Every structure is written in structure tokens, then in C-alpha cells.
Amino acid sequence: MSVDNSSHYIAPVAGPAPATDAVRVSGKPASLWRDGWRDLRRRPLFWISLAVVALVLLMAVWPTLFTQTPPNDNCQLANSNEGPTAGHPLGFTFQGCDIYARIVWGARTSLSVGLLSTIIGSGIGLIMGALAGYYGGWLDALLSRIGDIFFSIPYVLAAVIVMTVFSQYRNVFTLALAIGGFAWASTARVVRAEILRVRQAEFVTASTALGLSRFRILLGHVIPNAIAPLLVLTTLSLAAAIVAEATLTFLGVGLGDGIMSWGADISKAQSSLRIAPMSLIYPSIALTVTVLAFIMLGELIRDALDPRARASR
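## Remarks on the overall build of the protein
Line of reasoning, step 1. Looking only at helices and strands, the protein features 13 helices and zero strands.
Line of reasoning, step 2. Within the span of the protein, comprising 313 residues, buried residues form 39% of the whole.
Line of reasoning, step 3. Within the protein, counting contacts between residues at least 6 apart in sequence, those at least 24 apart form 71% of the total.
Line of reasoning, step 4. A total of about 17700 Å² of accessible surface is found on the protein, and carbon and sulfur atoms cover 66% of it.

Below, the structure is given as C-alpha cells:
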């Protein structure tokens, strides 16, 4: 005689399934960018860094919002190394120019060099790293060795040589090309490593099965999913480029004498450091705060886009 034991394995159903079993289809799916933004907006340091960066960018684009004093046309030797007065809150340089006005107007040049250098370096690094990581083989070997050569050359030293050779063309674009043209190797390494990871994903296999060309897959699927580390590195590279511009101009091989920047003001103020140190300290503070804001912003974005970093906090 057989015994029906089904009652021991089937639980009685009393009403509809619990609400916890329901699948919510209306909610937005989780993503790397959404989770990163959720983490960033809860961090006060992110808003402080972003405010400083926005202020410097606004100062570079619209300097007349911050001062109506011409940075060069109103220089009077009678005001040489004078302290703060009405309408001139930071005093005057050795040449009698308003320090505050020169800091405001100098932000445009320093940020222009930094942005152009970052665009050039990131563009070259993205192209070289993406081609090397996705296609592999002999192309990867060739581009990687070229990157190793550029990586072994200090880009500041290379920029010194370039600006010395082209001393008659010492302008913003030439300096940005000298910095960005030798600073792309680290970007290429990061992009290559990320492309190697992304190209193994299932959506790449699916795109290949659909008949898409390799170049179309690279542009439409692989690069957009590997762009997060490049965004972080771009922010850090911008800060490094601003420092490089100030360093080269301070050494006398950067921008020309007629071009105003924070590095140029620091270089000119070193001769009067003992008798009027504030003419050097003020542009140095502007440079330091700006670079620090970009570095902190880049590090915060890096931590926000790294799930392991978010889990450790």
C-alpha cells in the first residue's frame, strides 16, 4: 500500500503570494554612474572641491565679474610693492600692478594650458590605448613599446627642450602641445588595461555575433564602457598640467613675457621675495588651491566609481 507524502512537501497556500516576492519593474536599474553619483553627493568634500573648480572656471571665462581693474594698463611704479588699498585688496607687484587683478586674469592662461594639454594627452592616450588593448597582437606590441619610450621620458624635461627649440613660438598652444604630447603614456596604459577587461564582456560577444565590425564595436560599445578611469585620470592630469605650466614659466622656458599667468607672476616676484613676499605668496596660493581642488575632485570620483572603495567605507 502506497502512502501519499505530498502533503509533507507542499505548503498550504493561504491567499496571494507575499509582496516581497513581487518584482518591481518601475525602479531604475543600478549602474556604475548612478551609484557613483549617489556616493559623491553625500560627501561635503566633493561639493567644496566642485565649488572651487567652478569658481576658477568662472574666473577664467568671465574675469570682469570679479574685477574691473585692467591687469597691465594700470601699472604705476609709484605703487611698487605697496600693500592693500581701497579697490586693491591684495596690494601691488614690483611693477606697481594690482596683484588681485593679475590673479583673476591669469587664471585664464593657466587653465587654458591645462585644458589643452589634457585634451591633447588624453586624446593621444585614448587612441593608442584603445587600439593596443582591443586589437592586440603585433599592433599591441608596437604601440606598447612606443608608449614605454614616452613613459621613460619626463614630460617636463621634454617640454623644456621643445620650448627651448621653439623659443620664438612661446604661446599657450605650443606649451600645451609640448606638455600633452609627452604626457599621454600613462593614460594609454590605463586605457589599454581597461579595454582588455571590457573586451571580454558578453555584450562584445553578442555584438560580434550580430555581425558588427570590430571598429564599430570598439567605438560604440567598448570605449563607452571603459571611459570611467579615463575621466578620473583626466581630472588628475589637468592638475598636473597646470603645475607643469607654472614650473616651465618659472624656469623661463614657458610662456612669453607678454603672456600673463600664475607661473609668470611667481617667477617675476622671486626677485622681491624678501622685501615684498606677498606678491609671490598670493599667486602661489591661487595655484595651490586650484591644483588641490582638481586633485581632490579626481580622487573622490575615482573612489565613487570603484565599488570596492565604496564597500570599504
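## Some details on the pattern of salt bridges
Line of reasoning, step 1. Tallied over the entire structure, the rule returns five salt bridges.
Line of reasoning, step 2. Taking the shortest distance from any N to any O, the salt bridge between Arg189 and Asp148 comes out at 3.1 Å. Placement of Arg189 in helix H7 (residues 185-198) and of Asp148 in helix H4 (residues 137-151) is noted, with a sequence separation of 41 residues between them.
Line of reasoning, step 3. A salt bridge links Arg197 to Glu194; its shortest N-O distance comes to 2.4 Å.

## Here we look at the nonpolar core
Line of reasoning, step 1. With 31 residues, the main nonpolar core has Leu40, Leu111, Ile242, Trp262, Leu287, Phe294 and Ile301 as its most contacted residues.
Line of reasoning, step 2. Breaking this core down by element, the ones donating at least two residues are helix H2 (44-61), helix H3 (99-135), helix H10 (228-250), helix H11 (262-269) and helix H12 (278-304).
Line of reasoning, step 3. With 10 residues, the top contributor of residues to this core is H12.
Line of reasoning, step 4. Apart from the residues within four sequence positions on either side, Leu111 is in contact with Val56, Leu57, Ala60, Ile242, Thr290 and Phe294.

## Overview of the packing of aromatic side chains
The description of two aromatic rings rests on the distance between their centres and on the angle between their planes.
Line of reasoning, step 1. According to the stated counting rule, one finds four aromatic pairs in the structure shown.
Line of reasoning, step 2. Plain terms: the ring middles of Phe46 and Trp47 are 5.2 Å apart, the flat faces sit at 70° to each other, and that makes the pair edge-to-face.
Line of reasoning, step 3. Ring centres of Tyr134 and Tyr135 lie 5.3 Å apart, and the angle between their planes is 85°; this geometry places the pair in the edge-to-face category.
Line of reasoning, step 4. Exposure remark for Tyr134: the relative accessible area of 5% places this residue in the buried category.
Line of reasoning, step 5. A cation over a ring is seen here: Arg189 above Phe151, with NZ or CZ 4.1 Å from the ring centre.

## Overview of the packing of H7 against H10
Line of reasoning, step 1. Taken N-terminus to C-terminus, the directions of H7 and H10 make an angle of 165°; their axes are 10 Å apart at the nearest point. With respect to H10, the element H7 is oriented roughly antiparallel. Pair H7 / H10 crosses with right-handed handedness. Counting all contacts with H7, which are made through Ser186, Thr187, Val190, Val191 and Glu194, the residues of H10 involved are Pro229, Leu230, Leu233 and Ser237.
Line of reasoning, step 2. The class makeup of the residues in the contact of H7 with H10 is five nonpolar, three polar and one charged.

## Considerations on the environment of Tyr169
Line of reasoning, step 1. Looking at the element boundaries, Tyr169 is found in the loop between helix H5 (155-165) and helix H6 (172-180).
Line of reasoning, step 2. What makes Tyr169 partly exposed here is its relative accessible area of 45%.
Line of reasoning, step 3. Each C-alpha atom, one on Tyr169 and one on Leu255, is 9.0 Å from the other, the two residues being 86 residues apart in sequence.

## Overview of H3
Line of reasoning, step 1. Between its first and last C-alpha, H3 extends 53 Å over 37 residues, near the 54 Å set by a 1.5 Å rise per residue.
Line of reasoning, step 2. Of all the bends in H3, the largest measures some 30° and sits at Gly106.
Line of reasoning, step 3. Two or three places before Tyr100, at the opening of H3, Asp98 has a side-chain oxygen 3.3 Å from that residue's backbone nitrogen.

## Notes on the packing of H5 against H10
Any two packed helices are characterised by how steeply their axes cross, that is the angle between the axes, and by the distance between the axes.
Line of reasoning, step 1. At their nearest, the axes of H5 and H10 sit 11 Å apart, and the two run at 45° to each other. What the angle tells us is that H5 and H10 run oblique. Considering the relative orientation of H5 and H10, their crossing is right-handed. Residues Tyr155, Val156, Ala159 and Val160 of H5 form the contact with H10, whose own contacting residues are Ala240, Ala244 and Leu248.
Line of reasoning, step 2. When its residues are assigned to classes, the contact of H5 with H10 shows seven nonpolar, no polar and no charged.

## Side note on a nonpolar patch on the surface
Line of reasoning, step 1. Together, Leu57, Leu115, Leu116, Ile119, Phe173 and Leu177 give the surface a local cluster of nonpolar side chains, amounting to about 540 Å² of exposed area.
Line of reasoning, step 2. Elements with a minimum of two residues in the nonpolar patch: H3 and H6.
Line of reasoning, step 3. The element that contributes the greatest number of residues to the nonpolar patch is H3, accounting for three residues.
Line of reasoning, step 4. Mapping Ile119 onto the fold places it in helix H3.

Calculation rules
- Residues numbered from 1 in each chain as written.
- Predicted model: local features only at pLDDT ≥ 70, side-chain atom pairs only at ≥ 80, totals over all residues.
- Heavy atoms only, no water.
- Helix = DSSP H or I, 4+ residues; strand = E, 2+ residues; numbered from the N terminus.
- Buried < 20%, exposed > 50% of the residue type's maximum accessible area, 1.4 Å probe, protein only.
- Contact = heavy atoms within 4.5 Å.
- Areas by Shrake-Rupley, 256 points an atom, 1.4 Å probe, with all protein chains shown as cover.
- Salt bridge = Lys/Arg side-chain N within 4 Å of Asp/Glu carboxyl O.
- Core = buried A, V, L, I, M, F, W, Y, C linked by side-chain atoms within 4.5 Å.
- Phe/Tyr/Trp six-rings, centres within 6.5 Å; stacked < 30°, edge-to-face > 60°.
- Lys NZ or Arg CZ within 6 Å of the ring centre and 35° of its normal.
- Axes fitted to C-alpha atoms, helices over the stretch in contact; angles between N-to-C directions.
- Parallel < 35°, antiparallel > 145°, perpendicular 65-115°, else oblique.
- Left-handed = near helix turned anticlockwise from the far one by under 90°.
- Nonpolar A, V, L, I, M, F, W, Y, C, P; charged D, E, K, R; others polar.
- Expected span 1.5 Å × (residues − 1).
- Bend = angle between axes of the 7 residues up to and from the residue.
- Polar contact = N/O pair within 3.5 Å; in protein donor to acceptor, adjacent residues only side chain to side chain.
- Patch = residues over 30% accessible without salt bridge, like charges linked within 9 Å, V, L, I, M, F, W, Y side chains within 5 Å.

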